Amino acid sequence: RRLTQDLRTAAAEGDFQLAYQPLHRLADGALVGFKALLRWQHAERGPVPPDAFIPIAEETGLIVPIGAWVLRRACAEASGWPDGLRVAVNLSPVQSRRGADLVALVRDALAVSGLPPDRLELEITEGLLLHDTDAALRTLTELRALGCSIAMDDFGTGHSSLGYLWRFPFDKLKIDRSFVLGMGEDPKAAAIVCSVVALGRALGLIVTAEGVETAEQVASLRDAGCAQGQGFLLGRPAPTAAVAARFALGA
Ligand code: G
Ligand code: G
Ligand code: NA
């Protein structure tokens, strides 16, 4: 297909951009870092949404070079940010199935950029753990040994999540935005959010809420003991230049 061919060319040339969405501590609103999100500007079609091209990238294996580009670029850009600000990057299950390559890539991206490893967060979804769980466990353990932290993204949308929290070395838990969205309207959603926050804290994880859109949600999440938030209320994903200007990140 035409889009696949164009994606192949873009992957070969690294013809992508990253958008950054701020992550804030809920207790005092402090900026703690940014989530890096992949953007593809197609010459004729304009911006192609990630949901339209990431599945193709995963089917074709192009996510491997694209994911490498994302990691290198995110580490390079974050290395220029003020001390303490972290960068979070999505990892695809397809990338982690090449475990040794992935660990080597992360090590190299850190070394080349000079980004301290404790400022890199790798976000994974349950899909990564489903296949060869022993291999996934080894890969995550090695990534963590580099000094990076590992976050479970979109928590609550898959299955067997509790077993994964038990077995795998996570540092952070991100509550899927569907629960946060439902919190104000449905007491069940609010109960799930409170329980997941309590569970995460009991396991020693930093709990982050995704999809925070209202001040009421911030208040409820803070009351529940949720440490961090990401969402349109706190900041939309924006290109590097806009983010640097807004948060005075310097060059
Ligand atoms: O960025 P939103 O802005 O539309 O991103 C939609 C989804 O696309 C994200 O939730 C995530 O699942 C996926 N995505 C975005 N950036 C990346 C990336 O760099 N790597 C991978 N594997 N997925 C990404
Ligand atoms: O990979 P991660 O789960 O961080 O991806 C974030 C995705 O969620 C991106 O597609 C981003 O555009 C989207 N997103 C971030 N904040 C919000 C929000 O407050 N509301 C909604 N509806 N989407 C959000
Ligand atoms: Na994600």
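Residues numbered from 1 in each chain as written. Chains lettered and ligands numbered in written order. Predicted model: local features only at pLDDT ≥ 70, side-chain atom pairs only at ≥ 80, totals over all residues.

Caption draft 1: Seen up close, the site of ligand 1. Around ligand 1 sit Leu 37, Leu 38, Pro 49, Pro 50, Asp 51, Ile 54, Gly 67, Val 70, Asn 90, Ser 92 and Pro 237, and those are all the residues in its vicinity. Put simply, the parts of the chain that give the shell around ligand 1 at least two residues each are β2 (31-42), α2 (50-60) and α3 (63-78). With three residues, the single largest contributor to the shell around ligand 1 is α2. The residue inventory of the shell around ligand 1, partitioned by class, reads seven nonpolar, three polar and one charged. (Near = placed C-beta within 6 Å. Helix = DSSP H or I, 4+ residues; strand = E, 2+ residues; numbered from the N terminus. Nonpolar A, V, L, I, M, F, W, Y, C, P; charged D, E, K, R; others polar.)

Caption draft 2: A look at the site of ligand 2. Neighbouring residues of ligand 2: 15 residues in total, closest Lys 35, Gly 211, Glu 213, Gly 231 and Phe 232. Counting residues per element, the ones that place at least two in the shell around ligand 2 are β2 and β6 (149-155). Class assignment for the residues of the shell around ligand 2 results in four nonpolar, five polar and six charged.

Caption draft 3: The arrangement of the nonpolar core in detail. Counting 65 residues, the largest nonpolar core has Ala 36, Ala 74, Val 89 and Ile 175 as its most contacted members. No other element matches the eight residues that α3 contributes to this core. Filtering out sequence-adjacent residues up to four positions away, Ile 175 remains in contact with Phe 155, Gly 156, Val 180, Val 193, Val 196, Val 207, Ala 209 and Glu 210. (Core = buried A, V, L, I, M, F, W, Y, C linked by C-beta atoms within 7 Å. Buried ≥ 20, exposed ≤ 12 C-beta atoms within 10 Å, placed from the backbone. Contact = placed C-beta atoms within 7 Å.)

Caption draft 4: Representation of the environment of Ile 124. When you line up the elements, Ile 124 lands in strand β5 (residues 120-124). Between the alpha carbons of Ile 124 and Ser 92 there is a distance of 7.0 Å; along the sequence they are 32 residues apart. Those residues within four positions of Ile 124 in sequence are excluded, and the remaining contacts are Leu 91, Ile 150, Met 152 and Asp 153.

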